[in-house]
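Residues per chain are reported as follows:
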Amino acid sequence: MAKQILTLNAISVKGLERLPREDYEVASEFAHPDAILLRSHKLKSEDIPDSVLAIGRAGAGTNNVPVADCSKRGIPVFNAPGANANAVKELVAVGLLLGSRGIVEGIDYVATLANTTDKAELNKTLEAHKKEFKGSELVGKTLGVVGLGAIGSMVAEMALTMGMDVIGYDPALSVEAAWRLSSQVQRADTLSALFAKCDYISLHLPVLDSTRGLINAELLAAMREGACLLNFARQEIVDEDALLAALESGPLRKYIADFPSPGLIGRDDVILMPHIGASTEEAEDNCAIMAANQLRDFLENGNIRNS
Ligand code: MLT
């Protein structure tokens, strides 16, 4: 009998193709599915039917799945670490540039000139205002990368190619991962040492009890004057009250994040994106393929692997 896979988000066709029609039925409603495949749907434990044998998360983070409850119930949760790392890395490159140049302000200003129809007048106005949008270059600046997993290590390598000095911090880094990382990535022994030395800091950590609110008042106060914080991981990692204080009267010049937060929207010193780090065709395909492959390997062979 075909196995039933309940999808709680639209899953890329390339991922679904890994579940052959003769062996699998895939639908967004099933009373007794064999497995669940989802992207960012917030799944509650009570919504997981007893028939479910495994869950595939077509994404890197598993904070939208009740993993601890699943473990108690013997339900493995497969995610797709690294499958969207390139997409996130590319958006972090944008984030660094948004932090270093007057791009947002410049684009917003140009939009105010929509009614200026005379080209010469337009050029004259732009010439007069251009200096307001002057930035600085990334070459020679120092980027701190907190978390050197799949995404963080790619960000670190990318920043090196942009001419930045890079300092990484990751107490849980495996020997193999450390060995793969460029020797040009310097290592900080403590988070506070990293925060004190960097012009830009990019966070690449999962939300865990140990990372929730990790970026606190003390660390933010220790930043270099005029530093910029990038958060393309999860909002919960940063203590928002401390962040606001660091923006208001501390050393933090700009906060750039891939999630809107009500307390931060509309500030000039904050740039917020709608959680689009992994929103590329390629990343969605890669994540869905990885999650579907793992589900299939488990349902057909009982194998538990996480890649
Ligand atoms: C991830 O965890 O994979 C990214 O944050 C994107 C997403 O939530 O799907």
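All values reported here derive from a predicted model rather than from experimental measurement.

Our focus in this paragraph is the overall build of the protein chain. Counting its secondary structure elements, the protein chain contains eleven helices and twelve strands. Over its C-alpha atoms, taken along the principal directions, the protein chain stretches across nearly 70 × 55 × 35 Å. Per-residue burial over the protein chain gives 38% buried out of 307 residues. Partitioning the contacts of the protein chain with sequence separation of at least 6, the portion at a separation of at least 24 is 63%.

Domain annotation for the protein chain reports domain 1 (3–83 + 281–301) and domain 2 (85–101 + 136–272). Between domain 1 and domain 2, the C-alpha centre-to-centre distance is 30 Å. Taken together, the contact between domain 1 and domain 2 spans six residues of the former and six residues of the latter. For the side of domain 1 that touches domain 2, a count of residues per class yields two nonpolar, three polar and one charged.

Taken in spatial order, the five strands line up as β2-β1-β3-β4-β5 in an open sheet, and their pairing is parallel. Across the chains shown, the open sheet's two edge strands, defined by having one partner strand only, are β2 (24–27) and β5 (77–78). Relative to strand β3 (residues 35–38), strand β1 (residues 3–7) runs parallel, the two sharing three bridges. Within β3, the position partnered with L6 by the bridge is I36. In the packing of helix α11 (residues 281–301) onto the sheet, the strands contacted are β1, β3, β4 (54–57) and β5, and the crossing angle to β4 comes to about 165 degrees.

Attention shifts here to the site of the ligand. In the neighbourhood of the ligand, the contacting residues comprise R39, S40, G59, A60, G61, N84, G277 and A278. Looking at side-chain class alone, the shell around the ligand contains two nonpolar, five polar and one charged residues.

This next bit is on the nonpolar core. Ranked by size, the top nonpolar core spans 81 residues in total, and within it L37, L230 and A291 carry the most contacts. By residue number, the principal contributor to this core is α11, which donates eight residues. Split by domain, the residues of this core number at least three in each of domain 1 (3–83 + 281–301) and domain 2 (85–101 + 136–272). Leaving out residues up to four positions away in the same chain, L230 has contacts with V92, G95, G99, Y200, I201, S202, L203 and I256.

In this section: unusual backbone geometry. At H275, a residue that is not glycine, the phi angle is positive and equals roughly 55 degrees. Position of H275 relative to the elements: it lies in the loop between β12 (270–272) and α11. Classification of H275 by C-beta neighbours within 10 Å gives partly exposed; the count is 15.

Contact geometry of helix α3 (residues 85–100) with helix α6 (residues 150–161) gives a least axis separation of 9 Å together with a crossing angle of 45 degrees. As far as their axial angle goes, α6 and α3 are oblique. Handedness of the crossing formed by α3 with α6: right-handed. Contacts between α3 and α6 involve A85, N86, V88, K89, V92 and A93 on the former and, on the latter, A150, I151, M154, V155 and M158. The residue inventory of the contact of α3 with α6, partitioned by class, reads nine nonpolar, one polar and one charged.

Cut-offs applied
Residues numbered from 1 in each chain as written. Predicted model: local features only at pLDDT ≥ 70, side-chain atom pairs only at ≥ 80, totals over all residues. Helix = DSSP H or I, 4+ residues; strand = E, 2+ residues; numbered from the N terminus. Buried ≥ 20, exposed ≤ 12 C-beta atoms within 10 Å, placed from the backbone. Contact = placed C-beta atoms within 7 Å. Domains from an automatic or database assignment. Nonpolar A, V, L, I, M, F, W, Y, C, P; charged D, E, K, R; others polar. Pairing = 2+ DSSP bridges. Axes fitted to C-alpha atoms, helices over the stretch in contact; angles between N-to-C directions. Near = placed C-beta within 6 Å. Core = buried A, V, L, I, M, F, W, Y, C linked by C-beta atoms within 7 Å. Parallel < 35°, antiparallel > 145°, perpendicular 65-115°, else oblique. Left-handed = near helix turned anticlockwise from the far one by under 90°.

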